[in-house]
Amino acid sequence: MELKELLKTLTDVSGVSGHEYEAAQVVVKNIEPFSDEVNIDKMGNAIALKRGDQIGEDRKKILLAAHLDEIGLMVTKIEDGGFLRITSVGGTDVTILPGQAVTILGKEQLKGVVGAKPPHLQEPGESGKPIQMDDLYVDTGRKKEELIDIVEIGTLVRIESEFTELNSGCISAMAMDDRAGVAVLVETLRRLKERKHEWDVYAIATAQEEVSGLGAITTAFHIQPDVAIAIDVTFGDGPGMPERRVSPLGKGPAIGLGPNFHPKITQKLRDLASEYEITHQVEFDPYPGGTDAYSLQVSREGIPAGLVSIPLRNMHSTVETLKLDDVKRCAELLSIFISRLDSKFQEELKCF
Ligand SMILES: [Zn+2]
């Protein structure tokens, strides 16, 4: 499947944190042709293994993690008129919600829209105030009696969007954060079919990054890799954005620099990107956290970890926008990195 089509397939499917199973199945279907083993574990992670050429028991492993889950909503109350009250799951920005189409992930999937009091009916002083989650409701057009068999308190709600192609290789959809990273997992394994590699590669679409980092925590503990790299999105450029905190679209993946990223991993990523003339950039990340990289590296006695990010505009909205070329370059860089892993590099990890 072509990369653009893969991204459409991956972003079309729902994967609100804690409800990733449907998305995990789509990942399995797409990554299976390039893997030796694939499964979905009991936490909702989709795990693919591609074995390397090494021989023997003491197998070296690299873990790549990109989160499968997306931000969304949860039902908190079913009101008498059949209107649903909601709260945020993950970092959902309330300002994007009014007027939004949603899918309620109940016993059956129901379509809904997010409504609020029209400006004409607002009391003096009400207009101009920032909108709050309590001002909003989901309307399904159904009565309470019809809803209670399908929806309950705690039912998750997906925010819908349309996959849109813009100019110059830009594409836009909900959940590009981090299905773009998941697409990189598929694309990296695909490229590794053509490239020899010694180490075993675990490519994991992780559950619940947006709420707790759960999937990265449990899979890193289970697999105990020698090296781990998280693939996520980072703030792209755009009007009003602070220049020093953004990574422009089209300038390639951003290699994370910060005290918690292992210096030998970041250096090797940078050196290989330069050697293979892969357009790339760096981003500084002085504090750990915010991605799966931290969850991976604090597992057991510690796992040397790195972060590679895809520049993305409008993060945590229904129009998360990125450039296809940046996704491709990210997969190219990671497949080269993996093909160059050897025992010498493993030794180097101990010498700062
Ligand atoms: Zn993310």
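Residues numbered from 1 in each chain as written. Predicted model: local features only at pLDDT ≥ 70, side-chain atom pairs only at ≥ 80, totals over all residues. Heavy atoms only, no water.

A short note on the sheet that holds strand β16 (residues 305-312)
Strand order in the open sheet made by the eight strands is β1-β2-β12-β3-β13-β16-β14-β15, with mixed pairing throughout. The sheet is open, and its two borders are formed by β1 (37-40) and β15 (281-284), each paired with just one other strand. Mean inter-strand twist for the sheet, computed between neighbouring axes without regard to direction, equals 25°. Examined bridge by bridge, strand β2 (residues 46-50) and strand β12 (residues 200-206) share five bridges and lie antiparallel to one another. By the bridge assignment for β12, alanine 48 is matched with alanine 203. Most of the contacts of helix α2 (residues 21-31) go to β1, to which it runs at about 175°, and overall it touches β1, β2 and β12. Those strands touched by helix α5 (residues 214-223) are β2, β3 (61-67) and β12, and its axis lies near 155° from that of β12. (Pairing = 2+ DSSP bridges. Helix = DSSP H or I, 4+ residues; strand = E, 2+ residues; numbered from the N terminus. Axes fitted to C-alpha atoms, helices over the stretch in contact; angles between N-to-C directions. Contact = heavy atoms within 4.5 Å.)

What to know about the packing of aromatic side chains
Applying the stated rule across the entire model yields two aromatic pairs. With 6.0 Å between their ring centres and 85° between their planes, phenylalanine 337 and phenylalanine 345 make a pair best called edge-to-face. Relative accessible area serves as the criterion here: at 0%, phenylalanine 337 is assigned to the buried category. On the accessibility criterion, phenylalanine 345 (2% relative accessible area) is buried. Just above the ring of phenylalanine 221 sits the side chain of arginine 300; from NZ or CZ to the centre is 4.0 Å. (Phe/Tyr/Trp six-rings, centres within 6.5 Å; stacked < 30°, edge-to-face > 60°. Buried < 20%, exposed > 50% of the residue type's maximum accessible area, 1.4 Å probe, protein only. Lys NZ or Arg CZ within 6 Å of the ring centre and 35° of its normal.)

Side note on the nonpolar core
Residues Ile62, Ile229 and Phe337 are the most contacted members of the largest nonpolar core, which totals 60 residues. In this structure, phenylalanine 337 is in contact with Ile62, Val227, Ile229, Ile265, Lys268, Leu269, Leu272 and Phe345, ignoring residues within four places of it in sequence. Ile86, Ile96, Val102 and Ala175 belong to the second largest nonpolar core, which has 23 residues in total. (Core = buried A, V, L, I, M, F, W, Y, C linked by side-chain atoms within 4.5 Å.)

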